[in-house]
Amino acid sequence: MAIVGAVHGGGAALNLLREQQVDILITDIQMPIMSGLELAEQARSLLPHLKIIFISGHQDFQYAKRAIAMNASSYILKPVDDQELLNTLQLVREQLKYEREQMKKEEQLESSIPLLQNEMMYQWL
């Protein structure tokens, strides 16, 4: 994994997402101008498969509930434990790897269907 950028604010984060290949977004819930939840919603519209990790100093269930509804990869409370963040990133990396393997399998299957159809037509003829 590589860090492609660290920015302050939701607008700058959206610009970075438009410019760089990003798989994981780590965002605070509370930010000025645009909350992390708003950022995540807009980011998902740009990158539907983006994995999102929320960091928050708030144990408010409403924040966690919205994060769950957005299918967030994790919700980490401040102060952030380095090991917890590392473990979360490793889990998300494995999830991304699995999803990419599944997409490759689906693409291979889809590309083989015309060949199978042609073979079936040949056998019928």
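Preceding block: the structure.
Residues numbered from 1 in each chain as written. Predicted model: local features only at pLDDT ≥ 70, side-chain atom pairs only at ≥ 80, totals over all residues. Heavy atoms only, no water.

A look at the pairing of strand β2 (residues 51-56)
Each regular strand carries side chains that alternate between the two faces of the sheet. Buried residues dominate β2, accounting for six of its six residues. Burial of β2 is two-sided: the residues Lys51, Ile53 and Ile55 facing one way and the residues Ile52, Phe54 and Ser56 facing the other way are all buried. With five bridges connecting them, strand β1 (residues 24-28) and β2 associate as parallel partners. Looking at β2, one finds that Thr27 is bridged to Phe54. One crossover worth recording links β1 to the parallel β2 by way of helix α2 (residues 36-46), and it is right-handed. Summarising the sheet, β2 and strand β3 (residues 74-77) pair through four bridges and their orientation is parallel. (Buried < 20%, exposed > 50% of the residue type's maximum accessible area, 1.4 Å probe, protein only. Helix = DSSP H or I, 4+ residues; strand = E, 2+ residues; numbered from the N terminus. Pairing = 2+ DSSP bridges. Right-handed = clockwise from strand over helix to strand, strands pointing away.)

With respect to the pattern of salt bridges
Taken as a whole and assessed by the stated rule, the structure comprises four salt bridges. Across the salt bridge formed by Lys78 and Asp28, the nearest N and O atoms sit 2.5 Å from each other. Here the residue Lys78 occupies a position in the loop between β3 and α4 (82-124), and Asp28 occupies one in strand β1, the gap between them amounting to 50 residues. With a relative accessible area of 42%, Lys78 lands in the partly exposed category. The closest approach of N and O atoms between Arg66 and Glu41, which form a salt bridge, is 3.1 Å. Residue Arg66 is found in helix α3 (residues 61-69), and its partner Glu41 is found in helix α2; the two are separated by 25 residues along the sequence. Accessibility expressed as a relative area gives 39% for Arg66, which makes it partly exposed. (Salt bridge = Lys/Arg side-chain N within 4 Å of Asp/Glu carboxyl O.)

Some details on the side chain of Thr27
Mapped onto the fold, Thr27 is located in strand β1. According to the relative accessible area criterion, Thr27 is buried, its value standing at 3%. Leaving out residues up to four positions away in the same chain, Thr27 has contacts with Gly36, Leu39, Ile52, Ile53, Phe54 and Ile55. (Contact = heavy atoms within 4.5 Å.)

Quick look at the sheet that holds β2
Read across the open sheet, the three strands follow the order β1-β2-β3; overall the sheet is parallel. Every interior strand has two partners, whereas the edge strands, β1 and β3, have only one. Averaged over all adjacent pairs, the angle separating strand axes in this sheet is 20°, with direction ignored. (Axes fitted to C-alpha atoms, helices over the stretch in contact; angles between N-to-C directions.)

Focus: unusual backbone geometry
Cis geometry is adopted by the peptide bond preceding Pro79, which originates at Lys78 and carries an omega value of -5°. In this structure, Pro79 sits in the loop between β3 and α4. Unusually for a residue other than glycine, Ile33 sits at a positive phi of about 70°. Its place among the elements puts Ile33 in the loop between β1 and α2. Positive phi outside glycine occurs at Asn71, with the angle close to 60°. Mapped onto the fold, Asn71 is located in the loop between α3 and β3.

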